[in-house]
Amino acid sequence: MVWTIAFFIFAIDLYLPLGVADGSLYASLVLIGLLAFNRKLMIVGAILGTILTISGYFLSPPEGEEWKVLTNRMIAILTIWMTAFICLKKQKVDIELEEIRLDLEKRVMERTQSLNETTKILATKNDYLHIHKDIAEKVNKNLDIVETFQFCLKHICTLAGAQVGHLYLAENRYSDRLLPGKIWYMDNELEFQSFKELTEMQIFESGVGLPGRVHETKKPVWIENINKDINFPRTNENKELPIVSGFAFPIFIGEKITGVMEFFFNSQQNSDDGLLELLEQTGIQIGRAFEKRFSEEDQEKLLLSLKERVKELTCMSEVEKLITVSQKIEDILCSVEKLIAPAWQFPDLLLTQIIFEGKVYGVENFPDTPWVLSTDIWVNGEKKGSITICYTEAPPDKANSAFLDEEKNLLTWLGQNLSSVASRLANATELENSNIELRTLYNKLEIIREEERARIAREIHDELGQALTITKLDLAWLKFKTQNSSSEIEKKLNGMIQHIDITFQELDRITSELRPHVLNIMGLFEAIRQEADKFSNLTGIQCEIHLPEKNPVLHPDLSTMIFRVIQETLTNIIKHSGATLVNIHFVKSGDFLNLIITDNGKGIEADRVYNLNSFGLTGMRERVKDWGGDFKISGTNKKGTEVSIQVPLLET
């Protein structure tokens, strides 16, 4: 077409004279290229127009002035190339605008696609949030755990498009061993029956199988092709399972996994990270809700356990009181039998029997029942009895053991403590009997000793006194007969008579110590006065006696005991106290006589009060105890010692 127009314009140019035609029409060739939106055609049109314009200058009929014709031709050529430049520029701008338009359209399409994808993602997220919200509400509100799990399985299957949902639970709350639950959701139970039966026989350790991998990694796991997965033991049992893909996620309580939910497809499904992320959070949410519920259950169990422990501690406390207060094993066993039942979980069903040395406390005959618990009572290594308890019927909710471990420990504790107290009381009885025998023997020995002292004092006084008297009379006779003898003989006789007088004094002192005559003749209080005077004269220690207004008449043996206590106390004061003043107080209080002896010495040390090597104190204590009295001694450092006795009055 360009060539046709060029030929037509060239023909016109050849026909018209130079003064009329100037070649400007050749610019149309460039415009044709512009219309054709062809850059090459515009350049070819400009070149062709230039060539033909120049050719027309030489071939057209001459007319007009030469310089004007030449100028017109030059202007025509300039017009052609100006038109070509403008058309080329316009084409370039049009191309750029088209590119911009295409880029904008591309961007709009990309943005639209992105917006559509975002809308789809948001819709999916919205579905996720709704299902997450629904599950959270169900978990937090519903108290039926089985119903809650079934709800979760169904809604997650609906969300993910899975055909099967199942729950594995830890063997105990925090075990690493996963047991198959009986909780399922299936679109078509008949289609997946074989898989269900196989699964309910599979127990997984951590790391084994799909649930085990979730337990080990603590993260959701997706299997795109189960048949190609080497860690899916259920395919080893059955190669033709009606499932292809599957995923599972953990249920947490704190940092421990308490369960795993698994889901399966009957066709291959690619992993969905967004769904797994949602399910991970859902598992945490379910775990938190169940943790709260388990916490409430634990709190209830703890309160119940505390109630049981309080009952057991109450029983132990009451038994301890009995052991402390009671001195008869029969009283203790009779009371313990009544304390046992309230300490057990089901006191209304409990029967108790204590047998000790052939005597039965509690139920005479036990029924034939399998719920029996027993422990032995031993006394000094010899079995003397037993404690037996039983339930008359099966306790509620006790599939494994009728009795708690704490109840078994309590019964063992009762057996051990009753064995201990029975041994102690048996030993105490034997010891008391031995002490009574020893005290009786000691009392007899004291009586014999006092009688022997009195006999010896009498024999010394009578026999030796009589002999000394005769000897003194004989010496007096000799002195009378030898009045005219030498002074040496008289001096010797006087010395012998003086020696006999001194012997009489020593004889009186010895007989007084063995058995003061004044104690028999004048009584206890006069004997004490003389003993105090002798003590003061001998030691220089002031001794003051404070007697009641009316002195009671005492049994001779009681008088002797009190006198001997005072003698021993004064002897200890001389040996140990370093005192300068002693006070002896007698106070009659009803049917009791109180004797209090105090000094202002250095005070007896606490470790000497019950020192078994202090035979004097032990003797005083035994003398007073034999009379049914009470003996006390106490000391204060640098302030003195106090000895006090209280004895019942036994008058003659």
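Residue numbering note: each chain is counted from 1, following its sequence as written. With pLDDT at 70 or above as the cut-off, local features in this predicted model cover only qualifying residues; side-chain atom pairs require 80 or more to be listed or tallied, and sums for whole chains, interfaces and linings still use all residues. Excluding hydrogens and water, the side-chain values take into account all heavy atoms of the structure.

With that out of the way, let us pick up the sheet that holds strand β14 (residues 630–636). One open sheet holds the 5 strands; their spatial order is β11-β12-β13-β15-β14, and the pairing between them is mixed. The sheet is open, and its two borders are formed by β11 (542–546) and β14, each paired with just one other strand. Strand-to-strand twist in this sheet, taken as the mean axis angle between neighbours without regard to direction, amounts to 10 degrees. Criterion used throughout: strands pair if DSSP finds at least two bridges between them. In this text, helices come from DSSP runs of H or I with a minimum length of four residues, and strands from runs of E with a minimum of two, each type numbered from the N-terminal end. Bridge count between strand β13 (residues 592–599) and strand β15 (residues 640–648): 7 bridges; the pairing is antiparallel. By the bridge assignment, Asn594 is partnered in β15 with Gln646. Its contacts with the sheet place helix α15 (residues 556–577) against β12 (581–589), β13 and β15, and it is angled at close to 15 degrees to β13. All axes are obtained by fitting lines to C-alpha atoms, using only the stretch in contact for helices, and the reported angles, taken between N-to-C directions, cover 0 to 180 degrees. For this analysis, residues touch if any pair of their heavy atoms sits within 4.5 Å.

Before going further, it helps to examine the packing of helix α14 (residues 524–539) against α15. A pair of packed helices can be characterised by two numbers: the angle between their axes and the separation between those axes. Relative orientation of the contacting elements α14 and α15 amounts to 15 degrees, with a least axis distance of 10 Å. If you check the angle between α14 and α15, you find them roughly parallel. Considering only the axes of α14 and α15, their crossing is right-handed. Seen from α14, the contacting residues are Leu524, Ala527, Ile528, Glu531, Phe535 and Thr539; seen from α15, they are Ser559, Ile562, Phe563, Ile566, Gln567, Leu570, Ile573 and Ile574. In this classification, the charged set is Asp, Glu, Lys and Arg, the nonpolar set is Ala, Val, Leu, Ile, Met, Phe, Trp, Tyr, Cys and Pro, and all remaining amino acids, among them Gly, are polar. Of the residues contributing to the contact of α14 with α15, the split by class is 10 nonpolar, 3 polar and 1 charged. Working rule for angles: under 35 degrees goes down as roughly parallel, over 145 as roughly antiparallel, 65 to 115 as roughly perpendicular, anything else as oblique. Working rule for handedness: look at the near helix, and if it is turned counterclockwise from the far one by less than a right angle, call the crossing left-handed; if clockwise, right-handed.

Once that is clear, we can look at the sheet that holds strand β4 (residues 221–223). With antiparallel pairing, 6 strands are arranged side by side in an open sheet as β3-β2-β1-β6-β5-β4. Two strands lie at the open edges of the sheet, namely β3 (204–205) and β4, each paired on one side alone. In this structure, strand β5 (residues 245–253) lies alongside strand β6 (residues 256–265), joined through 9 bridges in antiparallel fashion. Across the sheet, the residue bridging to Phe252 is Ile257, located in β6. Here helix α7 (residues 209–217) sits on the sheet and contacts β1 (164–170), β2 (177–186), β3, β4, β5 and β6; the angle it forms with β6, its principal contact strand, is near 140 degrees.

So, about the pattern of salt bridges. Two side chains that carry opposite charge are able to pair once their charged atoms sit near each other. Salt bridges are counted wherever a side-chain nitrogen of Lys or Arg sits within 4 Å of a carboxyl oxygen of Asp or Glu. Taken as a whole, this structure holds 17 salt bridges when the rule is applied. Across the pair Asp94 and Lys90 runs a salt bridge whose closest N-O atoms are separated by 2.8 Å. Separated by 4 residues within a single helix, Asp94 and Lys90 lie in helix α4 (residues 66–141), roughly one turn from each other. Accessibility expressed as a relative area gives 22% for Asp94, which makes it partly exposed. Here Glu531 ties to Lys534 by a salt bridge, and the two come within 3.7 Å at their closest N and O atoms. Of this pair, Glu531 and Lys534 both sit in helix α14, 3 residues apart, which is roughly one turn of the helix. Taking relative accessible area as the criterion, Glu531 reaches 15% and is therefore assigned buried. Here's how the labels work: a residue is buried when its accessible area is under 20% of the maximum for its type, exposed when over 50%, partly exposed in between, all with a 1.4 Å probe on protein chains only. Classification of Lys534 as partly exposed rests on a relative accessible area of 36%. If you follow the salt bridges from partner to partner, you end up with Glu98, Arg101 and Glu105 in one network.

For the rest of this paragraph, the subject is the packing of aromatic side chains. Centre distance within 6.5 Å is the pairing criterion for rings of Phe, Tyr and Trp, where only the six-membered ring of Trp is used; planes under 30 degrees apart are then read as stacked, over 60 as edge-to-face, and the remainder as tilted. Applying the stated criterion across every chain yields a total of 12 aromatic pairs. Taken together, a centroid distance of 5.0 Å and an interplanar angle of 75 degrees make the contact between Phe195 and Phe264 edge-to-face. Placement of Phe195 in helix α6 (residues 193–199) and of Phe264 in strand β6 is noted, with a sequence separation of 69 residues between them. Residue classification places Phe264 among the buried positions, given a relative accessible area of 0%. On the numbers, 5.1 Å between centres and 85 degrees between planes, the contact of Phe525 with Phe586 is edge-to-face. In this pair, Phe525 sits in helix α14 while Phe586 sits in strand β12, placing the two residues 61 residues apart along the sequence. What makes Phe525 buried here is its relative accessible area of 7%. For Phe586, a relative accessible area of 3% translates into the label buried. These aromatic residues form a ring-pair network of at least three members: Trp222, Phe247, Phe249, Phe263 and Phe265.

Let's shift gears to the environment of Ser245. Secondary-structure assignment places Ser245 in strand β5. Relative accessible area serves as the criterion here: at 0%, Ser245 is assigned to the buried category. Measuring from C-alpha to C-alpha, the distance between Ser245 and Trp222 comes to 7.8 Å, with 23 residues separating the pair along the chain. Apart from the residues within four sequence positions on either side, Ser245 is in contact with Ile223, Glu224, Asn225, Ile226, Phe263, Phe264, Phe265, Ser267, Gln268 and Gln269. A polar contact is formed between the side chain of Ser245 and the backbone oxygen of Glu224, at a distance of 2.3 Å. Separated by 2.9 Å, the side chain of Ser245 and the backbone nitrogen of Gln269 make a polar contact. Counting of polar contacts relies on pairs of N or O atoms within 3.5 Å, with two restrictions inside protein: one atom must be capable of donating a hydrogen and the other of accepting it, and residues adjacent in sequence are counted only when both atoms are side-chain atoms.

Time to look at a nonpolar patch on the surface. Patch construction takes residues with relative accessible area above 30% that form no salt bridge. Like charges are linked within 9 Å, and nonpolar side chains (Val, Leu, Ile, Met, Phe, Trp, Tyr) are linked within 5 Å. All accessibility values rest on the Shrake-Rupley procedure with a 1.4 Å probe; residue burial counts only the protein chains present in the view. A cluster of nonpolar side chains, contributed by Ile43, Ile47, Ile51 and Trp81, occupies part of the molecular surface with about 350 Å² of accessible area. Here the nonpolar patch takes 3 residues from helix α3 (residues 39–59), the largest share from any one element. Inspection of the secondary structure puts Trp81 in helix α4.

Here helix α10 (residues 329–340) spans 16 Å end to end across 12 residues, near enough to the 16 Å set by a 1.5 Å rise per residue. Listed as buried for α10 are Ile329, Ile332, Leu333, Val336, Glu337 and Ile340. Axial view of α10: buried residues confined to an arc of 135 degrees, hence all on one face. The span expected for a helix works out to 1.5 Å for each residue beyond the first. Working note: the arc is built from the helix axis to C-beta atom directions.

With 16 residues, helix α5 (residues 145–160) should reach 22 Å at 1.5 Å per residue; the first-to-last C-alpha distance of 22 Å fits that figure. All buried positions along α5 are accounted for by Thr148, Phe149, Phe151, Cys152, Leu153, Ile156 and Cys157. One or two positions beyond α5, positive phi appears at Gly161, with a value near 80 degrees.

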